[in-house]
Amino acid sequence: PDEKWIKSASPERMLELLRNVDGKANFPAGSMGPKVESAIDFVQGNNCVEKTGKWSMIGSLKEATEMMKGAAGTCITNKYGPEHLKFHQE
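In this report, the structure presented in the accompanying data block is examined. (Residues numbered from 1 in each chain as written. Predicted model: local features only at pLDDT ≥ 70, side-chain atom pairs only at ≥ 80, totals over all residues. Heavy atoms only, no water.)

Next up on the list: the sheet that holds strand S1 (residues 6-9). Strands sit in the order S2-S3-S1-S4 across an open sheet of four strands; the sheet is mixed. Among the strands making up the open sheet, the edge pair consists of strand S2 (56-58) and strand S4 (85-87). Strand-to-strand twist across the sheet, computed as the mean angle between neighbouring axes with direction ignored, equals 15°. Inspection of the sheet shows S2 paired to strand S3 (residues 74-76) by three bridges, in the antiparallel sense. Counted as the bridge partner of Met57 is Cys75 from S3. (Pairing = 2+ DSSP bridges. Helix = DSSP H or I, 4+ residues; strand = E, 2+ residues; numbered from the N terminus. Axes fitted to C-alpha atoms, helices over the stretch in contact; angles between N-to-C directions.)

This paragraph deals with the pattern of salt bridges. The full count for this structure, using the stated rule, is two salt bridges. Among the salt bridges present, the one from Glu16 reaches Arg13, with a minimum N-O distance of 3.2 Å. With Glu16 and Arg13 both in helix H1 (residues 11-18) and three residues apart, this pair spans about one turn of that helix. Across the pair Lys69 and Glu66 runs a salt bridge whose closest N-O atoms are separated by 3.6 Å. (Salt bridge = Lys/Arg side-chain N within 4 Å of Asp/Glu carboxyl O.)

See below:
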């Protein structure tokens, strides 16, 4: 009931959600956890000398067209600053 679908977020905000302090996994290891970690790494350029300045999408390949329109999936981006977190409308 409390679940919300994230539309876009900064890598910093996604890391906060990934490292949930209440002991419950927001993104379980057998589910979304590895996808979130990989998307954050890509955007932050953790495997590069500099940050990529790019964005990353997480979602179903069946919804690829809708994701590119911003109507589905989750976009991880530095574009809106480190505090950015926006949810899909219900």
